[in-house]
Amino acid sequence: MATKFSKETYLYWYELMQLIRQFELTAEEKYKMEGKIRGFFHAYVGQEAIAAGCMTATRPDDMFITAYRDHGLAIAKGVSVDSCMAELYGKATGCAKGKGGSMHFFGKKENFYGGHGIVGAQIGTGTGLAFAEHYKDTDNVVLCFFGDGAARQGILHESFNLAMLWKLPVIYICENNNYAMGTSVERTSNVTDIYKLGAGFDMPSAVVDGMNPESVHDAIAEAVKRAREKGGPTLLEIKTYRYKGHSISDPQKYRTKDEVDEYKSKDPISILKKNILDNNYATEEALGEIDARCEEVVANSVKFAEESPIPNDDEVLKDVYMDQNYPFIVD
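Draft legend 1. Quick look at a nonpolar patch on the surface. Judged by side-chain polarity, Phe131, Tyr135, Leu162, Leu165 and Trp166 come together as a nonpolar surface patch covering roughly 550 Å² of accessible area. Elements with a contribution of two residues or more to the nonpolar patch: helix 5 (121-136) and helix 6 (154-166). Among the elements that line the nonpolar patch, the one with the most residues is helix 6, at three residues. In this structure, Tyr135 sits in helix 5. The exposure class assigned to Tyr135 is exposed, which follows from its relative accessible area of 68%.

So, in structure tokens, the structure goes:
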């Protein structure tokens, strides 16, 4: 089977996707079985190929910003697994000092700007990040991720309009996993092909297979090239599927077991593994060693989180921004 991607790329994808998968499954276990993790928890299981393909098509200086299903993208961008697990535990060593939790992962030095709990908020913020790069005349690009539910928010249209008007270096990525919480795409809009929303702004748009990193890489690389060359934004509807519920507490009564099983037969890690074996890039034994390495990294992150301290009480009001001279506040 001929392929344009190198052995190293395939193995990088495989290890990253396995690391994300193992992190999510282990964190879910700590949440459900041991009560070590509380609050909201939105797993990325099934969507790992998107993170993998985006990483190989971008540079470290490029920025990622996303919604509350953020663990996988944070890990892909280089936020340490230890600090991610510690954040889920609410510990001071977490990537948001234990004050953000599952929905608010953050990594400034990794150019990972969250983790946003308000539906669609990151679309405006991501557009603002892109405006800053445009203003500074860099060739950095912003990848702004959101779900199919957030595609119905008004801020999307306002952001699209300005991004096209100013030719901002932003790639809008709708991770369409078919359901906004428990509501199918078909029940939320007459326009079910989300990529078509770009047409109203003459924005280059496309549909992408989100179940394999090759397709994701190709689409992102093309959009990144356009943005770096001052050609403006792109909208990509990346079709994927989450195997877990919207959140851990989701009973998933809105979809059938057969539907979930059908998508699991297209599991991105299984497909990638087959490609690696078919191309003789690695043996089953070598892939097993990668699996074991990922499991060890995640196991160590649990130990790190459990042994880390909780935040001190004096952290409560730290990192809360207030402008003492804000002109519109009067007595």
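Still to come is the rest of the account.
Draft legend 2. Main features of the pairing of strand 3 (residues 170-176). Taking burial as the measure, the seven residues of strand 3 include seven buried ones, the bulk of the element. Of the two faces of strand 3, both are covered, the one formed by Val170, Tyr172, Cys174 and Asn176 as well as the one formed by Ile171, Ile173 and Glu175. Note that strand 2 (residues 142-147) and strand 3 share six bridges and pair parallel. Within the sheet, the bridge partner assigned to Phe146 lies in strand 3 and is Cys174. Crossover connection from strand 2 via helix 6 to parallel strand 3: handedness right-handed.

Draft legend 3. Examining the packing of helix 1 (residues 7-32) against helix 2 (residues 48-56) more closely. For the pair helix 1 and helix 2, interaxial distance at closest approach is 9 Å and the crossing angle is 135°. Here helix 2 runs oblique to helix 1, going by the angle between their axes. With respect to the hand of their crossing, helix 1 and helix 2 are arranged in right-handed fashion. Here Thr9, Tyr12, Trp13, Leu16, Met17, Ile20 and Arg21 of helix 1 come into contact with helix 2, specifically with Glu48, Ala49, Ala51, Ala52, Gly53, Met55 and Thr56. For the contact of helix 1 with helix 2, the class distribution of residues is nine nonpolar, three polar and two charged.

Draft legend 4. Region of interest: the side chain of Gln47. Position of Gln47 relative to the elements: it lies in the loop between helix 1 and helix 2. With a relative accessible area of 1%, Gln47 lands in the buried category. Separated by 2.9 Å, the side chains of Gln47 and Asn177 make a polar contact. Not counting the four nearest positions on each side in its chain, Gln47 is found in contact with Arg69, Glu175, Asn177, Thr240, Tyr241 and Arg242.

Draft legend 5. The arrangement of empty space enclosed by the protein in detail. With the rule as written, the count across this model stands at one cavity of 30 Å³ or more. Estimates place the volume of the largest cavity at around 40 Å³. Around the largest cavity, the lining residues are His134, Thr138, Asp139, Lys167, Pro169, Ala227, Arg228 and Lys230. Tallied by class, residues from the lining of the largest cavity come to two nonpolar, two polar and four charged.

Draft legend 6. Focus on helix 4 (residues 81-88). For helix 4, the tally of buried residues reaches seven of eight residues, placing the bulk of the element in the interior. All of the buried residues in helix 4 are Val81, Ser83, Cys84, Met85, Ala86, Glu87 and Leu88. The inward-facing, buried residues of helix 4 abut helix 1, helix 3 (71-77) and helix 10 (284-307). Just downstream of helix 4 lies Gly90, where phi reads positive at about 75°.

The rules we used
Residues numbered from 1 in each chain as written. Predicted model: local features only at pLDDT ≥ 70, side-chain atom pairs only at ≥ 80, totals over all residues. Heavy atoms only, no water. Patch = residues over 30% accessible without salt bridge, like charges linked within 9 Å, V, L, I, M, F, W, Y side chains within 5 Å. Areas by Shrake-Rupley, 256 points an atom, 1.4 Å probe, with all protein chains shown as cover. Salt bridge = Lys/Arg side-chain N within 4 Å of Asp/Glu carboxyl O. Helix = DSSP H or I, 4+ residues; strand = E, 2+ residues; numbered from the N terminus. Buried < 20%, exposed > 50% of the residue type's maximum accessible area, 1.4 Å probe, protein only. Pairing = 2+ DSSP bridges. Right-handed = clockwise from strand over helix to strand, strands pointing away. Axes fitted to C-alpha atoms, helices over the stretch in contact; angles between N-to-C directions. Parallel < 35°, antiparallel > 145°, perpendicular 65-115°, else oblique. Left-handed = near helix turned anticlockwise from the far one by under 90°. Contact = heavy atoms within 4.5 Å. Nonpolar A, V, L, I, M, F, W, Y, C, P; charged D, E, K, R; others polar. Polar contact = N/O pair within 3.5 Å; in protein donor to acceptor, adjacent residues only side chain to side chain. 1 Å grid on protein atoms, 1.4 Å probe; cavity = no way out; pocket = protein on both sides within 12 Å on 5 of 7 lines; lining within 4 Å. Points joined across faces, edges and corners; volume = space filled by probe spheres on them.

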